[in-house]
Amino acid sequence: MKSNILVVAAVAACLSSCGFTVPVAVISSNGEVMRGTATAAVSGGSFTVAGKLKGKETKCAGTYNALDQSITISMPVQCSDGRKGFVIATREANKVDGSGRVRLNDGTEADFVFGKAAAAF
C-alpha cells in the first residue's frame, strides 16, 4: 500500500510540473517581430514574448487553460508598457502548432504563429 502511495505521489508531481514548450513569434503589420515561448502543462499554460511592437520595446505575457481541447481559444494578454488585450489562437490538429491574432487596447493588432512555424523567426 505504501508503494502505491509513492507511485501516485510521483505521478501527480510529474503531471503538475511536466509540460512542453514551443516557440512563439508575433509579427506586426510593419514587420516587427516579437519572439518568445508558450508552455503547456497540466497545471496550466503560459506564454511570453519580447521585442518591438509599434516601435516600443515591450514584453507581453498571459496564461490559458492548457487542458482546453477546443481548436480556437481566447487568452488575455498583458504587456509591460501597460497595453492589454486578447489573443485568439487556432491550433492545428496536433494541438502543438498554430496561429492567431493579437488585439490590444490601443488598437495594435498583430498576427502570430506558434510551434514549428515560429521556429523560422
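Structure's up top.
Computed from a prediction, not measured in an experiment: that's the story for all the values here.

Here's the deal with the overall build of the protein chain
When helices and strands are tallied, the protein chain shows 1 helix and 8 strands. Taken from N to C terminus, the helices and strands of the protein chain fall in the order α-β-β-β-β-β-β-β-β. Looking at the protein chain as a whole, 34% of its 121 residues are labelled buried. The long-range share in the protein chain, meaning contacts at least 24 apart out of those at least 6 apart in sequence, stands at 28%. On the protein chain, roughly 7000 Å² of surface is accessible, and the fraction owed to carbon and sulfur atoms is 62%.

Let's talk about the pattern of salt bridges
The final tally for this structure, using the stated rule, is 6 salt bridges. A salt bridge links Arg101 to Asp111; the shortest N-O distance between them is 2.8 Å. Of this pair, Arg101 sits in strand β7 (residues 98-104) while Asp111 sits in strand β8 (residues 109-114), placing them 10 residues apart in sequence. Judged by relative accessible area, Asp111 falls into the partly exposed class, the value being 40%. Linked by salt bridges that have partners in common, Arg101, Arg103, Glu109 and Asp111 make up one network.

What to know about the sheet that holds strand β2 (residues 33-41)
Taken in spatial order, the 8 strands of this closed barrel run β1-β2-β3-β4-β5-β6-β7-β8, and their pairing is antiparallel. Each neighbouring strand pair of the sheet contributes to a mean axis angle of 25 degrees, computed without reference to strand direction. In this structure, strand β4 (residues 56-64) lies alongside strand β5 (residues 72-79), joined through 2 bridges in antiparallel fashion. When the sheet's bridge partners are listed, Cys60 is paired in β5 with Cys79.

Observations concerning the packing of aromatic side chains
If you walk through the whole model with that rule in mind, you get 1 aromatic pair. Residues Phe112 and Phe114 carry aromatic rings whose centres are separated by 6.0 Å and whose planes lie at 25 degrees to one another, so their mutual orientation is stacked.

Focus on the pairing of strand β1 (residues 19-28)
Pairing of β1 with β2, which is carried by 9 bridges, proceeds in the antiparallel orientation. Opposite Pro23, over in β2, you have Thr37 as the bridge partner. The antiparallel hairpin formed by β1 and β2 contains 4 residues in its connecting segment, where Gly31 sits at a positive phi of about 95 degrees. Where β1 meets β8, 5 bridges bridge the pair, whose relative direction is antiparallel.

A short note on the nonpolar core
A general tendency of soluble globular proteins is for nonpolar side chains to be buried together. Core analysis: the largest hydrophobic core is formed by 23 residues, its most contacted members being Val26, Phe47, Tyr64, Met75, Val87 and Phe112. With 4 residues, the top contributor of residues to this core is β5. Tyr64 has contacts with Thr39, Ala40, Gly44, Gly45, Ser46, Phe47, Ile73 and Met75, leaving out every residue within four places of it along the chain.

Topic: the pairing of strand β6 (residues 84-91)
Side-chain direction in a regular strand flips from residue to residue, so the side chains alternate between the two faces of the sheet. Bridging between β5 and β6 involves 7 bridges; their strand directions are antiparallel. For Thr72, the partnering residue across the bridge sits in β6 and is Thr90. Taken together, β5 and the strand that follows it, β6, pair antiparallel across an intervening segment of 4 residues, in which Gly82 is found at a positive phi of about 100 degrees. Note: β6 against β7, 7 bridges, orientation antiparallel. Of the residues in β7, the one forming a bridge with Ile88 is Arg101. Count of turn residues in the β6/β7 antiparallel hairpin: 6 residues, of which Lys95 carries a positive phi of about 60 degrees.

Cut-offs used in this document
- Residue indices begin from 1 for each chain and proceed along its sequence in written order.
- Local features in this predicted model are restricted to residues whose pLDDT is 70 or higher, and side-chain atom pairs enter the listing and the counts only when it is 80 or higher, whereas totals over whole chains, interfaces and linings include all residues.
- Side-chain numbers here rest on the full set of heavy atoms in the structure, without hydrogens or water.
- Here a helix means four or more residues in a row that DSSP labels H or I, a strand means two or more in a row labelled E, and each is numbered from the N terminus.
- The cut-offs for exposure are 20% and 50% of the maximum accessible area for each residue type, with area from a 1.4 Å probe on protein chains only; residues under the lower value are buried, those over the upper are exposed, and the others partly exposed.
- We call two residues in contact whenever any of their non-hydrogen atoms come within 4.5 Å of each other.
- For every accessible area listed, the method is Shrake-Rupley and the probe measures 1.4 Å; residues are considered covered only by the protein chains on display.
- Each reported salt bridge corresponds to a side-chain nitrogen of Lys or Arg within 4 Å of a carboxyl oxygen of Asp or Glu.
- By the convention used here, strands pair only if DSSP detects at least 2 bridges between them.
- Only the contacting stretch of a helix is used when fitting its axis, a line to C-alpha atoms as for every element, and angles between N-to-C directions run 0 to 180 degrees.
- Centres within 6.5 Å make a pair out of two Phe, Tyr or Trp rings, where for Trp the six-membered ring is used; the pair is then stacked when the planes are under 30 degrees apart, edge-to-face when over 60, and tilted otherwise.
- We define the nonpolar core as a collection of buried residues of types Ala, Val, Leu, Ile, Met, Phe, Trp, Tyr and Cys that are connected through side-chain atoms lying within 4.5 Å of one another.

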